[in-house]
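Remarks on the overall topology
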Amino acid sequence: MSRQILVTSALPYANGPIHLGHLVEYIQTDIWVRFQRLRGNRCIYVCADDAHGTPIMLKARELGITPEELIERIGREHQQDFADFLIEFDNYYSTHSEENRYYAELIYQRLRDAGHITSRTIKQAYDPVENMFLPDRYIKGDCPRCGAAEQYGDSCEVCGATYTPAELRNAVSVVSGATPVDKESEHYFFRLQDFGDMLRTWAGDGHVQGEVANKLNEWFEDGLREWDISRDSPYFGFRIPGTEDKYFYVWLDAPIGYMASFSNWCEQHGEDFDAWWRPDTDTELYHFIGKDIVYFHALFWPAMLEGAGFRKPTRICAHGFLTVNGQKMSKSRGTFIMGRTYLNHLNPEYLRYYLAAKMGSSVHDLDLSLDDFIQRVNSDLVGKLVNIASRSASFINKRFDGRLADHLEAPELYRTVTARGEQIARHYEDREFSRAIREIMALADEANQYFDERKPWVLAKDAETLERVQLICTQTLNVFRVLMTYLKPVVPRIAARAEAFLQIPEQTWSDATEPLLDHTIGRFEPLATRVARESVDAMLEESRETLAPKAETTPTGPLADNPIAEQIEIGDFGKVDLRIARISKAAQVDGADKLLQLTLDLGGETRTVFAGIRAAYEPADLEGKLTVMVANLKPRKMRFGVSEGMVLAAGPGGKDLFILEPDNGAEPGMKVK
RNA sequence: GGCUACGUAGCUCAGUUGGUUAGAGCAUCGCACUCAUAAUGCGAGGGUCGGUAGUUCGAAUCUACCCGUAGCCA
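The notes below deal with the structure included here. (Residues numbered from 1 in each chain as written. Chains lettered and ligands numbered in written order. Predicted model: local features only at pLDDT ≥ 70, side-chain atom pairs only at ≥ 80, totals over all residues. Heavy atoms only, no water.)

1. Some remarks on the protein's contact with RNA strand B
So the rule is basically this: Whether a residue is near a molecule or strand is decided by its heavy atoms; if any one of them lies within 4 Å of it, the residue is near. Here a polar contact is taken to be a pair of N or O atoms separated by no more than 3.5 Å, where protein atoms must pair a possible hydrogen donor with a possible acceptor and residues adjacent in sequence count only if both atoms sit in side chains. Only DSSP runs of H or I covering at least 4 residues are called helices, and only runs of E covering at least 2 are called strands; the numbering of each starts at the N terminus. Charged residues are taken to be Asp, Glu, Lys and Arg, nonpolar residues to be Ala, Val, Leu, Ile, Met, Phe, Trp, Tyr, Cys and Pro, and polar residues to be all remaining types, Gly included.
Around RNA strand B, a shell composed of 43 residues is seen, among which Glu218, Tyr295, Lys358, Arg435 and Asp452 lie nearest. Among all atoms of RNA strand B positioned within 4 Å of the protein, those belonging to sugar or phosphate total 71%. Take tryptophan 457: an N or O atom from its side chain is 3.4 Å from a sugar or linking oxygen of RNA strand B. At a separation of 2.6 Å, a base nitrogen of RNA strand B approaches a polar backbone atom of alanine 528. Going through the elements one at a time, helix H6 (210-222), helix H12 (370-399) and helix H14 (433-454) are the ones with two or more residues in the surface near RNA strand B. The class makeup of the residues in the surface near RNA strand B is 13 nonpolar, 13 polar and 17 charged.

The following block contains the structure:
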């Protein structure tokens, strides 16, 4: 009976684009999932955007949009990037969903009813200007140990000290610049320590890698503590049932997002959710994650599931980080590469192949060495593997009308290749992809050696030996076909092209056992082209351009005081309706020492606008002038009347204000764009 | 600072419980071949296995310390 396997990758955070570091995980997971399907197992792969938390709330605010709009937009980008890297999810969802709210509340309530939730009042840094509690990362100040400036509230990047925000000197809120104050608030906690015995047993039982188990032991020895799962308003997330202004901490509902996404898939496919999630299920659950989030997946998550009466994961597969050219990805070196930037220049399957060729089951970091990448992809994929088909097909196409022979020239070679299949499958299963690839390429070497020994190009010159050429090429094409099937989880598109060229249906792993004989194949077209160094260079260049700090020279003047704001989309600009207006009347406002009341003619429509430019302009000097106004600004009630828009002016303020005037020819009412 | 990994040929990596002259791929050099996307085959050079000190008949492998890199410390 085939296995039923539910697989997840960690949920990418919905505040920024996917970069190559993310892709290590999705590619690793996708290869494993495709392998399982190829073997005939039922394998469901779900993921979602992680859409909650303070960073998303603030990012949306910064962009002037709602968090919902932000996560919708980022979610779309993420899905497009994944699709283009051939990541084949069964479902991609969002933690900001009704299913996720349902399961978050359900798990919380079950944990609470079983006595695993407590609450107490804690003191926390609070921004008195923004009226919000500040996560450690949103407080900056001087390190209490080494004095380094601009350090975050939890640790010093210069000397490595860890501390609490309260210990930071000259602390300021990153959000408002205000000095944080301590404020009390009631928080809810999950009693992780209730699950200590269960977790020790579980972790020692092969559900995590050895290195991870070591790390867990360290935590066990330190003693498990309760986990703060609530955050105060304002917060973008789910409100905790039974409270007015408490929200689930984003890390509480993020892993529950796996369930939510799967539940959503179940609804679409008439599948029974509980059959997969009840404690005694015989389905499997695999979570692929980065080593940085082991804590959440190997401690909190199994404890939450256990406490709420659900099954626990079969296996947590943690991987290391990606380095580029041996170093941390760096924006200034151009090695902080977004998935999209890569796709603009290079074929996604090459990254899949290269990473697979170096990826094992350990938590070691993985290096993308770009020189090695070019050489490896070109020599393995093109020079070795595709070359087998290329050099054989030319004979079959030209001399035998595309027809394969009815038997093999060297059945023992074919058997060698198929006999290796189970070993290769074991490597895939164990997520030892680099070993699988090494085996496959060693077999490709054998096929090329075989071809060289038989010298079909010599045999083809003599009519008497011509028949053997067909046998030899039939032999190598059969090896090629099997190797391509073995490689299908890694390079699905090249494999599909190979199937089209051989004119065979979609192959599964077991199709390898029978050779393809007495069969007509199609014309050979290059299945993969070489990586050009220029493409890699262009990718680095684009990464540098889009991400490196723009100017070398420090800006002076207005730019220094008021740096250019974050980039916006053209659509964002389009929302602002700017119009030419004639100032038909300007008057002082009684009781206001900064304002002038302007009557603006928009060409048929007049508007009253209060502008803070009294110190800079005499009313008489303004009358008759053309200027630019924001025409669709929501009217705002002021003490002296309603202001129906605003006029544009430059300058720091006071006497130094300069209103905008259009060039000659502009007329009231014209749109500025 | 504590802890956990890691440091093996120019590059990227294997080296299972310590055991014969330390391996692979790529790169380099020589030769062969010309069917193939200048692809392929055969052969060669290249390493005091981060350093030091130990345990042992024997250490890349075990121990201690040091140096370097990465990560974790809720």
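On we go from here.
2. Notes on unusual backbone geometry
With an omega of 0°, the peptide bond running from serine 233 to proline 234 counts as cis. Assignment of secondary structure puts proline 234 in the loop between strand S11 (230-232) and strand S12 (246-248). The backbone of glutamine 503 shows a phi angle near 55°, a positive value even though the residue is not glycine. Tracing the sequence through the fold places glutamine 503 in the loop between helix H17 (492-502) and helix H18 (533-547).

3. Things to note about the packing of aromatic side chains
Applicable threshold: Aromatic contacts are taken between Phe, Tyr and Trp rings whose centres are within 6.5 Å, Trp giving its six-membered ring; a plane angle under 30 degrees counts as stacked, one over 60 as edge-to-face, and the others as tilted.
Summed over the entire model, instances satisfying the criterion amount to 36 aromatic pairs. On the basis of an interplanar angle of 50° and a centroid distance of 5.1 Å, the ring pair of phenylalanine 89 and tyrosine 92 is categorised as tilted. Ring centres of tyrosine 428 and tryptophan 509 lie 6.0 Å apart, and the angle between their planes is 85°; this geometry places the pair in the edge-to-face category. Residue tyrosine 428 is found in helix H13 (residues 411-429), and its partner tryptophan 509 is found in the loop between H17 and H18; the two are separated by 81 residues along the sequence. Linked through ring pairs, Tyr102, Tyr103, Phe262, Trp265, Phe273, Trp276, Trp277 and Phe310 together constitute an aromatic cluster.

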